[in-house]
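Here's the letter readout for the chains.
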Amino acid sequence: MRLIILGGPGSGKGTQLAVIQKPLGVVGISVGDILREAIANNTFLGTKAQPYFAKGELVPDDLMVQLIRLGLLQPHLEAGWILEGYPRTTVQAEELDFVLDDFNHCVDYAIYLEVSPAIMLERSLRRSRSDDTPEIIHRRINNFQAQIPPILEYYGSRGKLLPFDGTAAPSVISQQILSHVALRREV
Ligand code: AP5
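Residue indices begin from 1 for each chain and proceed along its sequence in written order. Given that the model is predicted, a residue must reach a pLDDT of at least 70 before its local features are reported, and side-chain atom pairs must reach 80 or more before they are shown or counted; all residues, however, enter totals for whole chains, interfaces and linings. Excluding hydrogens and water, the side-chain figures rest on all heavy atoms present in the structure.

A. Highlighting the overall build of the protein chain. Each helix is a run of DSSP H or I of at least 4 residues and each strand a run of E of at least 2, with the numbering of both proceeding from the N terminus. Across its full length, the protein chain carries eight helices and five strands. Starting at the N terminus, the α and β elements of the protein chain follow one another as β-α-β-α-α-α-β-α-β-α-α-β-α. For every residue, the accessible area (1.4 Å probe, protein chains only) is compared with the maximum for its type, and the residue is labelled buried under 20%, exposed over 50%, or partly exposed between those bounds. Put simply, the protein chain has 187 residues, and 44% of those count as buried. A 1.4 Å probe and the Shrake-Rupley method give the accessible areas. Residues count as covered only by the protein chains that appear here. As displayed, the protein chain offers around 9500 Å² of accessible surface, 55% of which is attributable to carbon and sulfur atoms. Under the counting rule used here, the positive set is Lys and Arg, the negative set is Asp and Glu, and His together with the chain ends is not counted. For charged residues, the charge sits on one atom: NZ in Lys, CZ in Arg, CG in Asp, CD in Glu. Distance from the positive charge centre (18 side chains) to the negative charge centre (21 side chains) of the protein chain: 4 Å.

B. Inspection of the site of the ligand at higher detail. By convention in these notes, a residue is near a molecule or strand provided one of its non-hydrogen atoms lies within 4 Å of it. By nearness alone, 30 residues border the ligand, and Lys13, Thr15, Glu57, Arg88 and Arg127 come closest of all. Isolated, the ligand exposes 1000 Å² of accessible area, and the fraction of that covered by the protein chains is 87%. Where the shell around the ligand is concerned, the elements lending two or more residues are helix 1 (13–24), helix 2 (31–40), helix 6 (117–127) and helix 8 (170–186). With four residues, helix 2 is the single largest residue contributor to the shell around the ligand. Each residue gets one label: Ala, Val, Leu, Ile, Met, Phe, Trp, Tyr, Cys and Pro are nonpolar, Asp, Glu, Lys and Arg are charged, and the others, such as Gly, are polar. Of the residues in the shell around the ligand, the class split is eleven nonpolar, ten polar and nine charged.

C. How the structure looks around the packing of helix 5 (residues 90–101) against helix 7 (residues 134–156). Interaxial angles span 0 to 180 degrees and are taken between N-to-C directions of axes, which are lines fitted to C-alpha atoms, for helices over the stretch in contact. Closest axis-to-axis distance for the helix 5/helix 7 pair is 9 Å, and the angle between their directions is 30 degrees. On the basis of the axis angle, helix 5 is roughly parallel to helix 7. For the pair helix 5 and helix 7, the contacting residues are Thr90, Ala93, Glu94, Leu96 and Asp97 in the first and Pro150, Ile151, Tyr154 and Tyr155 in the second. Any angle between 65 and 115 degrees counts as roughly perpendicular, while under 35 counts as roughly parallel, over 145 as roughly antiparallel, and the rest as oblique. The contact definition used throughout considers only heavy atoms, calling two residues in contact when any of these lie within 4.5 Å.

D. A look at the environment of Asn143. In this fold, Asn143 is placed in helix 7. Taking the C-alpha atoms as reference points, Asn143 and Met120, 23 residues apart in sequence, are found 13 Å from one another. Among residues more than four places away in sequence, those in contact with Asn143 are Gly56, Glu57 and Leu58. Contacts described as polar in this section are N or O atom pairs within 3.5 Å, which, within protein, must combine one atom able to donate a hydrogen with one able to accept it, while residues neighboring in sequence count only if both atoms come from side chains. A distance of 3.1 Å separates a polar side-chain atom of Asn143 from the backbone oxygen of Gly56.

E. The pairing of strand 5 (residues 161–165), seen in detail. Residues Leu162 and Phe164 point to one face of strand 5 and are all buried, whereas Leu161, Pro163 and Asp165, pointing to the other face, are not buried. When DSSP finds at least two bridges between two strands, those strands are taken to pair. In terms of strand pairing, strand 4 (residues 109–114) meets strand 5 through five bridges, oriented parallel. Bridging across to strand 5, Ile111 finds its partner in Leu162.

F. Examining unusual backbone geometry more closely. With an omega of 5 degrees, the peptide bond running from Tyr86 to Pro87 counts as cis. Among the structural elements, Pro87 can be located in the loop between strand 3 (81–84) and helix 5. Although it is not a glycine, Asn104 adopts a positive phi angle of roughly 55 degrees. With respect to the secondary-structure elements, Asn104 resides in the loop between helix 5 and strand 4.

In structure tokens, the structure reads:
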């Protein structure tokens, strides 16, 4: 099973990833956390990504596509994965499909956590991570709103989009995701 989780800043992508990966028996990958770690460790990726990350801008597609292309080749991911925070552009969505195609794999479902920009802002500010300043969060929300319509269209037109009300309680959303995915697995 290969899933992606889409949603704006603070929509609950990481929260849901942490809960659903175990029952689905697949590895969870948080792209934002990979970037944070790379920046903290001053790796090649980290130094390239840092200026964009620090401003709340998207890291350029060529870097991200390379990261995912190499990352998904790891043997422990053979049984499946859940990718959180990727893709964020249509180029990333298309490239992900190209990579998977080479191995006769595909994205099974795109989980979309719907919340309003006001909730994205409120939750992100409440969390007070060091990169969650109001200015950066506003920029991330604006970028998200600009980029998400064609991505929803991309997965929607392929019958892969599973939208969920991201304002429900976290445990309710997890249950909804698990039962939808399990149901579709049986079909
Ligand atoms: P990233 O780290 O992915 O940040 P983000 O998209 O802003 O998402 P967050 O991690 O802030 O929120 P989340 O949706 O995971 O919510 P969470 O579960 O934590 O990306 C950071 C940066 O990296 C980007 O700005 C960009 O620069 C770069 N980047 C990343 N991916 C990239 C890509 N593909 N291409 C280019 N650049 C990329 O929840 C938030 C809070 O809400 C928590 O306190 C939680 O407890 C609470 N909460 C969660 N769910 C609920 C609920 N249902 N009800 C009430 N509270 C809830």
